[in-house]
Amino acid sequence: MPHSLLITNIKGLAGVADAAPEKPLAGDALKELEVLENAWLLIENGRIARFGRMAEVPDRADEMLDARQGFVLPAWCDSHTHLVFAQSREQEWVDRIKGLSYEEIAQRGGGILNSARKLREMPEEELYEKALKRLDEVRSYGTGAIEIKSGYGLSVDSELKMLRVIRRLKESSRMPIRATFLGAHSVPMEYRQNRQGYIRLIIEEMLPKIAAEGLADYIDVFCEKVAFTVEEMEQVLEAGARYGLKPKVHVNQFNCMGGIEAAIRHGAVSVDHLEVVNDEDIAALQNSNTIATLLPTAPFFLNDHIPPARRIIEAGIPLALATDFNPGTSPSGRMPFVLSLACIQMRMLPEEAINAATVNGAFAMEWGSEYGTIAPGMAANLIVTKPMPSLSYLPYAFGSDLVERVVLE
Ligand code: NIG
Ligand code: FE
């Protein structure tokens, strides 16, 4: 049935454009956020139809929504999460407070392997229910499109179980979801003396089954000293490419290992974390179409290096922001707090943070012409805020709940 929704009395309609953007925002353009003041917005059949100033508001629609001087902006596009997991890991967090490092916990079989043990035991149904709750929770923070990874399975059955949960979420939720296969998240204990055995399991057993069921949109590898080498990552990415899966990878979380350049050679849509970067990494990104996705709540939670956002922006590299929602390094899916940290710790301007969390996040999921911008024809996934004095107030008032309503049409 045709349906129209008219939102009126919008103090500022942010992130508007005449047409869907063609590429992510980089350099000086990242701070250009167009805002139409005192505006209305008409949605028809789930799509942005038109917008304008209140002086010329249309007189009717099937449904009306008074924004009461709140702002309207594109819903957050959270392009990196591990939202399907069995249990929280606050005991490891307490161990870190007492002095252990994330790497030390991983070495002794905690961390990702701890999550994998818990997930293996949990029935698919229960895992799904828990994940669905988290999805509803992040929607209440304003998230309107999301990527979710596997990677706490680490066996054929458990990786498939995770990806099937993600598929059920896709089918049952209004939230648009991209699924990423992260079988190469950690080397299981039983393969620590036989790493190639695990790589073969990923390539020869997991990937063909995942591809046959169409369970993944992307492929990911955790390229790091505690996880996989650059060469191992390349093996997995090459295999993924044979099934048409493009990379979105974890690189440079703790060490510069050359993973960025290698991932770019394999056509990565995004390289994520980048808490540490060197000159070669920056040069490789400058000569690519790959998006740099920063996850500021992870180093905040680990009390680790602050990602060099200004250096990345000044190098003209498109930058996206995401939550990394996971039980080990970012037990929060709260995008507004990610924006606050980006401004406070990484010295991003509020406009830059908003663009990085909307339009560029959408591009990091290859959804830039669908979500993340308010332009005619694009999907109407929007945030209506509570009344607030300015857009900058949103990241400024960190921890406040300023999202009044999330529209996912
Ligand atoms: O993005 N770095 C690798 N993966 C996750 C953490 C996983 C975990 O500790 O459970 C991350 O930080
Ligand atoms: Fe992650």
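Parameters at a glance
Residues numbered from 1 in each chain as written. Chains lettered and ligands numbered in written order. Predicted model: local features only at pLDDT ≥ 70, side-chain atom pairs only at ≥ 80, totals over all residues. Heavy atoms only, no water. Helix = DSSP H or I, 4+ residues; strand = E, 2+ residues; numbered from the N terminus. Rg over C-alpha atoms; globule rule 2.2 N^0.38 Å. Contact = heavy atoms within 4.5 Å. Areas by Shrake-Rupley, 256 points an atom, 1.4 Å probe, with all protein chains shown as cover. Lys, Arg positive; Asp, Glu negative; His and termini not counted. Charge placed at Lys NZ, Arg CZ, Asp CG, Glu CD. Buried < 20%, exposed > 50% of the residue type's maximum accessible area, 1.4 Å probe, protein only. Core = buried A, V, L, I, M, F, W, Y, C linked by side-chain atoms within 4.5 Å. Domains from an automatic or database assignment. 1 Å grid on protein atoms, 1.4 Å probe; cavity = no way out; pocket = protein on both sides within 12 Å on 5 of 7 lines; lining within 4 Å. Points joined across faces, edges and corners; volume = space filled by probe spheres on them. Nonpolar A, V, L, I, M, F, W, Y, C, P; charged D, E, K, R; others polar. Donors = N, O, S within 2.8 Å, 3.2 Å for Na, K, Ca; no water. Phe/Tyr/Trp six-rings, centres within 6.5 Å; stacked < 30°, edge-to-face > 60°. Buried area = accessible area lost by both parts, 1.4 Å probe. Salt bridge = Lys/Arg side-chain N within 4 Å of Asp/Glu carboxyl O. Pairing = 2+ DSSP bridges. Axes fitted to C-alpha atoms, helices over the stretch in contact; angles between N-to-C directions. Parallel < 35°, antiparallel > 145°, perpendicular 65-115°, else oblique.

Trainee: In this structure, what is going on with the overall build of the protein chain? I would like to understand it.
Mentor: Within the protein chain, the secondary structure is distributed over 15 helices and 15 strands. The C-alpha atoms of the protein chain give 21 Å as radius of gyration, which agrees with the globular expectation for 409 residues (22 Å, within 12%). For the C-alpha atoms alone, the extent of the protein chain along its principal axes is close to 70 × 45 × 45 Å. Considering only residue pairs separated by 6 or more positions, the protein chain has 75% of its internal contacts joining residues 24 or more positions apart. Of the roughly 16,200 Å² that the protein chain leaves accessible, carbon and sulfur atoms contribute 47%. Both charge centroids of the protein chain, one from 42 positive and one from 56 negative side chains, sit 3 Å from each other.

Trainee: Explain helix H3 (residues 112-121) to me, please; I cannot follow it from the model alone.
Mentor: At 3.6 residues per turn, the α-helix brings residues three or four places apart onto the same side. Every buried residue of H3 is listed here: Ile112, Leu113, Asn114, Ser115, Ala116 and Leu119. Check the buried side of H3 and you find it contacts helix H1 (90-97), helix H2 (102-107), helix H4 (124-140) and helix H5 (156-172).

Trainee: Explain the nonpolar core here, please?
Mentor: Nonpolar side chains in soluble globular proteins tend to be buried together. If you look at the biggest cluster of nonpolar residues, it comprises 109 residues, and the most contacted ones within it are Leu169, Leu274, Leu321 and Met348. Considering each element in turn, this core owes the most residues, eight residues, to helix H6 (residues 195-212). Shared between two domains, this core holds at least three residues of each, these being domain 1 (4-74 + 372-408) and domain 2 (77-363). Beyond its immediate sequence surroundings of up to four residues, Leu169 is in contact with Leu83, Val84, Tyr128, Ala131, Leu132, Leu135, Ile148 and Ile177.

Trainee: Would you mind showing me how to read empty space enclosed by the protein here?
Mentor: Unfilled space is identified by rolling a water-sized probe across the atoms. Scanning the entire structure with this criterion turns up three cavities of 30 Å³ or more. Within this model, the largest cavity holds a volume of roughly 100 Å³. If you trace the largest cavity, you find it lined by His82, Tyr102, Ile112, Tyr152, His185, Phe222, His250, Gln253, His273, Asp324, Asn326 and Thr329. Taken together, the residues that form the lining of the largest cavity break down as four nonpolar, seven polar and one charged. In terms of lining, the second largest cavity is formed by Tyr102, Ala106, Gly110, Gly111, Ile112, Leu113, His185, Ser186, Arg192, Phe222, Val226 and Ala227.

Trainee: Whenever I open this one, the coordination of the iron ion (ligand 2) confuses me. Can you help?
Mentor: Any two of four tetrahedral donors ideally make an angle of 109.5 degrees at the metal, while pairs among six octahedral donors ideally make 90 or 180 degrees. In this structure, His80 (NE2), His82 (NE2), His250 (NE2) and Asp324 (OD) serve as the protein donors to the iron ion (ligand 2), at separations of 2.1 to 2.2 Å. For the iron ion (ligand 2), the single-chain donor residues occur in sequence as H-x1-H-x167-H-x73-D. Residue His82 is located in the loop between strand E6 (76-78) and H1, and its partner His250 is located in strand E10 (residues 246-251); the two are separated by 168 residues in the primary sequence. Both residues of the pair, His82 and His250, count as buried.

Trainee: For this particular structure, what's the right way to read the packing of aromatic side chains?
Mentor: Aromatic ring pairs are defined here through the distance separating the ring centres and the angle between the ring planes. Scanning the model with the defined rule gives eight aromatic pairs in all. Their ring planes at 80° and their centres at 5.1 Å tell us that Trp367 and Tyr371 sit as a pair that is edge-to-face. Residue classification places Tyr371 among the buried residues on the basis of a relative accessible area of 13%. An aromatic cluster is built from Tyr191, Tyr198 and Phe228, whose rings are joined through pairwise contacts.

Trainee: How should I be thinking about the domain arrangement of the protein chain in this particular structure?
Mentor: A common way to report how large an interface is uses the accessible area buried once the components associate. For the protein chain, the assigned domains read domain 1 (4-74 + 372-408) and domain 2 (77-363). A separation of 29 Å is found between the C-alpha centroids of domain 1 and domain 2. Contacts between the two partners involve 27 residues from domain 1, matched on the other side by 35 residues from domain 2. Buried area between domain 1 and domain 2, summed over both chains or domains, comes out near 2,500 Å², and the portion from carbon and sulfur atoms is 68%. Summed over the three residues of domain 1 that lose the most area to domain 2, namely Leu30, Pro395 and Leu408, the buried surface amounts to 27% of that side. Our enumeration of links across domain 1 and domain 2 arrives at one salt bridge.

Trainee: Looking at this model, I keep getting lost on the pattern of salt bridges. Mind explaining?
Mentor: Side chains that differ in sign of charge can pair as their charged atoms come close. Per the stated rule, a full pass over the model turns up 19 salt bridges. Between Glu261 and Arg265 there is a salt bridge whose closest N-O contact spans 3.2 Å. Placement of the pair is Glu261 and Arg265 together in helix H8 (residues 259-265), with a separation of four residues, close to one helical turn. Through salt bridges with shared partners, a single network forms among Glu147, Lys149 and Asp220.

Trainee: What exactly am I supposed to notice about the layout of surface pockets here?
Mentor: In this model, the largest pocket occupies a volume close to 310 Å³. Along the lines of polarity and charge, the residues of the lining of the largest pocket split into ten nonpolar, six polar and three charged. Looking at which domains feed residues into the lining of the largest pocket, each of domain 1 (4-74 + 372-408) and domain 2 (77-363) supplies at least three. Reported here for the second largest pocket is a volume of approximately 250 Å³.

Trainee: What am I meant to see in the sheet that holds strand E7 (residues 143-149) here?
Mentor: Neighbouring strands of a sheet are bound in pairs by backbone hydrogen bonds; such pairs are parallel or else antiparallel. Here eight strands make up an open sheet; going across it, the order is E6-E7-E8-E9-E10-E11-E12-E13 and the pairing parallel. Only two strands of the sheet have a single partner each, and these edge strands are E6 and strand E13 (319-321). The average undirected angle you get between the axes of adjacent strands in this sheet is 25°. Bridging between E6 and E7 involves three bridges; their strand directions are parallel.

Trainee: Hey, could you run me through the packing of H6 against helix H7 (residues 230-242) in this one?
Mentor: How two helices sit against one another is set out by the angle between their axes and by the gap between those axes. Packing of H6 against H7 leaves a shortest axis separation of 10 Å and a crossing angle of 10°. As far as their axial angle goes, H7 and H6 are roughly parallel. Note on element contacts: H7 touches H6 through Glu232, Gln235, Val236, Ala239, Gly240 and Arg242, opposite Arg195, Gln196, Ile199, Ile202, Ile203 and Leu207. The residue makeup of the contact of H6 with H7, split by class, is six nonpolar, three polar and three charged.

Trainee: Can you help me understand the side chain of Asp281 in this one?
Mentor: As for its position among the elements, Asp281 is in helix H9 (residues 279-286). Despite its burial, Asp281 remains without a salt bridge, the nearest opposite charge being carried by Arg311 at 7.3 Å. Setting aside chain neighbours within four positions, we find Asp281 in contact with Asn252, Cys256, Ile260 and Val276.

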